[in-house]
Amino acid sequence: MASRRLRVALIAGASAAVVAAGLLTATVAQAATACRVTYAVTNQWQGGFGASVTINNLGDPVDGWRLAWSYSAGQAVTQMWNATYTQAGSQVTATNVGYNGSLPTNGSATFGFNGTSNATNPAPSAFTLNGVACTGEPGTTPTSSGNTPGPGTTTQAPPPPPPPPPPPAGSCGSGSFNAEVTGSGTYVARNGTRQVYSGGNYLQAMQAAVDSLTAGRSSKQSVVVRSSGSISAGSRLSLASNTILDVCGTINVTGSGTGDMAPVYARGASNIDVRYLRLTGVPRYGIFMRDVNNLTLGQIDMRLSSGLGVRIDNHGTSNRANKVRNIRIDNVFVSGSSSHAVETYGVDGITIGTVTARNVGESGLLLNDTVNATVGTVDAQNAGAGTGYAAFRMANRNGRIGSSYPVNIRVGNVIASGGGRGIFCVSESGGAVVDRFTISNTGNNSVLLENCHNVTLAGQSGTITGGGEVRIAARTEFAASSNNTFQNMTVSGTNIRLSPCGTNNVIRNVTRVNSTLTWC
């Protein structure tokens with residue numbers, strides 16, 4: 001996440017841009033105005049970026065707000081959500097929408113946007129709220145302490161994540177392209193007027209189209225596959241850097257494969273867009289991306305009988321601290337896989353719109369050793385039935401930055417029905433907020449936080465019906481779970497338990513129906 005901390009002066013190198021306002025008097029409202037603004041770049045790609053802005057009101061209540069700032073490097077806002085905007089030159093003004101205009105004292109509002117940028121993308125150096133400069137020190141947000149069930153002192157819940165950037169305009173294969181695969185049974189690949197393949201092998205036709213793009217290219221070139229056909233699970237379509245792929249037909253995978261075989265594959269590359277893909281059959285992996293930076297997956301539909309849907313990792317490098325960066329997934333549907341629908345391992349900076357999983361063998365979305373993630377919705381039915389996997393799972397120090405757990409994993413909504421677990425955090429993971437969830441009739445824990453830290457469920461609201469217990473737990477080989485919060489939820493027909501106690505685990509504003517509470 002690209003960001004920096006701002007007070008009266010810039011403090012270089014910090015992880016979020018924060019402007020803190022002292023107590024000032026606004027002449028129009030005749031009210032004390034104090035605010036803290038957090039500006040964070042959540043994703044960045046060539047020529048563009050996404051950002052999130054949070055206003056914390058530390059002064060008198062505000063009814064209607066306008067936040068203004070200026071850019072210094074030619075950035076321009078192109079799309080905004082949870083606010084409206086105007087831009088005149090470098091000056092941007094964001095104005096509340098109907099549902100978030102009221103800011104009580106210690107209240108907050110968050111909005112997000114996409115924009116264009118040039119070679120550099122510095123954060124704004126100052127903000128004004130309703131015309132009043134934010135120039136002082138922030139106040140202190142009250143918190144609850146201890147493992148105490150009950151109301152506690154209310155803190156402002158983190159905001160919901162912004163939606164992902166919009167999917168590619170038009171339909172599959174529309175617009176200009178460089179190479180194309182057509183035909184049925186006999187496939188023809190062309191690059192412009194040049195025919196680069198003709199024959200009965202579907203994979204060879206697709207690879208010939210990809211390989212016909214300019215070698216060593218420095219900008220993206222595109223391939224459209226209009227045909228459908230079959231390939232072996234022991235083969236793969238390999239993509240080089242600066243490639244756009246639209247598969248408008250259906251790739252059917254047959255036979256068996258081992259290792260990292262996948263019908264769509266890249267390794268050690270960058271700037272790859274798989275905008276459309278329809279896949280059936282029995283792949284080892286549907287999409288496998290290893291050590292690939294600046295990756296976009298658009299509209300992905302996989303109706304499988306085995307395998308893993310999408311795998312993105314950094315495991316080709318000797319230094320696992322070198323995470324892959326700037327990953328975007330718009331919408332993925334996976335059914336019937338024997339493993340996960342979507343799995344990441346070693347990613348820094350990922351934006352996911354929706355993951356829909358139906359009858360997958362393991363998790364709907366599994367994040368491993370991944371930081372700075374924004375997820376819209378995970379919707380899973382019967383994910384990981386008979387296993388300890390979950391609709392949404394975090395593992396292997398996911399969300400851990402250095403030795404701490406600042407909030408950097410934001411999930412808008414988890415829907416889990418049946419299957420194994422609903423939400424599962426394990427093995428020293430954390431730094432996460434799940435704003436909303438609906439979990440019902442899971443075969444294992446509805447929620448399990450095991451050796452996890454600084455996880456909030458639910459930032460806004462949640463319901464749990466039936467299924468296994470809701471639990472905070474720990475194994476002895478790791479530090480006990482700490483600084484976790486269960487709040488704003490209704491739990492029916494299953495129990496809530498904290499064991500062992502850990503430290504500063506809080507439960508509040510939880511309605512229980514036919515449910516017992518065991519808490520330290």
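A brief look at the structure comes next. Starting afresh in each chain, residues are numbered from 1 along the sequence in its written order. Owing to the predicted nature of the model, reporting of local features is limited to residues with pLDDT of at least 70; listing and counting of side-chain atom pairs is limited to 80 or more, with chain, interface and lining totals taken over all residues. Processing note: side-chain calculations cover all non-hydrogen atoms of the structure and skip hydrogens and water entirely.

What about unusual backbone geometry?
Residues apart from glycine generally show negative phi values, whereas peptide bonds are mostly found in trans. What counts here: Only runs of H or I of at least four residues qualify as helices and only runs of E of at least two qualify as strands under DSSP, and these elements are numbered from the N terminus. Partly exposed residues are those whose accessible area sits between 20% and 50% of the maximum for their type, while under 20% is buried and over 50% is exposed, using a 1.4 Å probe and protein chains only.
Geometrically, the link from leucine 457 to alanine 458 is a cis peptide bond, its omega value of 0 degrees lying close to zero. Following the sequence through the fold, alanine 458 ends up in strand S39 (residues 453-465). Serine 499 connects to proline 500 through a cis peptide bond whose omega is -5 degrees. Examined against the element boundaries, proline 500 turns out to sit in the loop between strand S42 (496-498) and strand S43 (506-513). One non-glycine residue, asparagine 382, lies in the positive phi region at around 55 degrees. By the element assignment, asparagine 382 lies in the loop between strand S33 (365-381) and strand S34 (390-395). By relative accessible area, asparagine 382 is classed as partly exposed at 32%. Positioned with a positive phi, serine 427 is a non-glycine residue whose angle comes to about 55 degrees.

Some details on the sheet that holds strand S17 (residues 132-133)
Put simply, the rule is: Only when DSSP finds a minimum of two bridges between them are two strands counted as paired.
What the five strands build is an open sheet, ordered S12-S13-S10-S16-S17; its pairing is antiparallel. The strands lining the two open edges of the sheet, one partner per strand, are strand S12 (84-88) and S17. One ladder, built from three bridges, connects strand S10 (residues 66-70) with strand S16 (residues 127-129); its direction is antiparallel. Looking across to S16, one finds that tryptophan 69 is bridged to phenylalanine 127.

What to know about the pattern of salt bridges
So the rule is basically this: Basic side-chain nitrogens of Lys or Arg form a salt bridge, by our definition, when they fall within 4 Å of a carboxyl oxygen of Asp or Glu.
Here the structure, examined in full by the defined rule, presents 17 salt bridges. Between aspartate 379 and arginine 358 there is a salt bridge, with its nearest N and O atoms 3.3 Å apart. Of the two residues, aspartate 379 is situated in strand S33 and arginine 358 in strand S32 (residues 342-358); the sequence distance between them amounts to 21 residues. Since its relative accessible area comes to 17%, aspartate 379 is described here as buried. Several salt bridges converge on common partners, so that one network encompasses Arg290, Arg311, Asp313 and Glu343.

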